[in-house]
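Structural description and commentary
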Amino acid sequence: MSDSNEKRRGPRCPIDLFVEESLDGEIYLHPAVDLSLHGIYILSQDDRRAVDGTRSISISFTLPTGHSIEASGRIVEVHDHRGQRGMRVAFDSMSEEDTEVLRTFIDTTIEAAA
């Protein structure tokens, strides 16, 4: 098992959706490529390089099921993903309802792929 897999706290599923990020009064739209109960991996056009893991951002996205998720999180990793800047966002806060909907979505998506 690789080091990156050992750091993961839960299963991830591939996704193809857009995430709206609110940061310092600005709104950014990013494509997302994978999702877990603990975080999301998004692609970005900006040039973020340094990550201290303490700055909070607000994000929202709509699952393919139609349920909208709102969360706050921290950018904990920034690197290139297939030639584009990628950011791993760890969720800090999410409603209980959104957490349960997300859990069900991830479990269903992983089971369907098996």
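Now for a description of the structure that goes with this document. (Residues numbered from 1 in each chain as written. Predicted model: local features only at pLDDT ≥ 70, side-chain atom pairs only at ≥ 80, totals over all residues. Heavy atoms only, no water.)

**Side note on the pattern of salt bridges**
Definition in use: Salt bridges are defined by distance alone: a side-chain nitrogen of Lys or Arg within 4 Å of a carboxyl oxygen of Asp or Glu. By definition, any uninterrupted DSSP run of H or I lasting at least four residues is a helix, any uninterrupted run of E lasting at least two residues is a strand, and each is numbered from the N terminus. Buried, partly exposed and exposed residues are distinguished by accessible area as a fraction of the type maximum, computed with a 1.4 Å probe on protein chains only: under 20%, between the cut-offs, and over 50%, respectively.
Applying the stated criterion across every chain, the model contains 4 salt bridges. A salt bridge links Arg 74 to Asp 92; its shortest N-O distance comes to 2.9 Å. Here the residue Arg 74 occupies a position in strand E5 (residues 68-81), and Asp 92 occupies one in strand E6 (residues 84-94), the gap between them amounting to 18 residues. The salt bridge partner of Glu 100 is Arg 103, with a shortest N-O separation of 3.3 Å. With Glu 100 and Arg 103 both in helix H2 (residues 96-113) and 3 residues apart, this pair spans about one turn of that helix. Owing to a relative accessible area of 42%, Glu 100 belongs among the partly exposed residues under this scheme. Taking the relative accessible area as the measure of exposure, Arg 103 reaches 35% and is therefore partly exposed. What you see here is one network of salt bridges that share partners, running through Arg 12, Asp 34 and Arg 88.

**Notes on H2**
Basically, it comes down to this: What a helix is expected to span follows from its residue count: subtract one and scale by 1.5 Å. By construction, the arc corresponds to the directions joining the helix axis to the C-beta atoms.
The terminal C-alpha atoms of H2, which comprises 18 residues, lie 26 Å apart, in line with the 26 Å expected from a rise of 1.5 Å per residue. Among all positions in H2, only Asp 98, Thr 99, Leu 102, Phe 105 and Ile 106 are buried. Buried residues in H2, looked at end-on, bunch into an arc of 130°, giving them a common side. Residues of H2 that are exposed and angled more than 90 degrees away from the buried face: Glu 96, Glu 97, Glu 111 and Ala 112.

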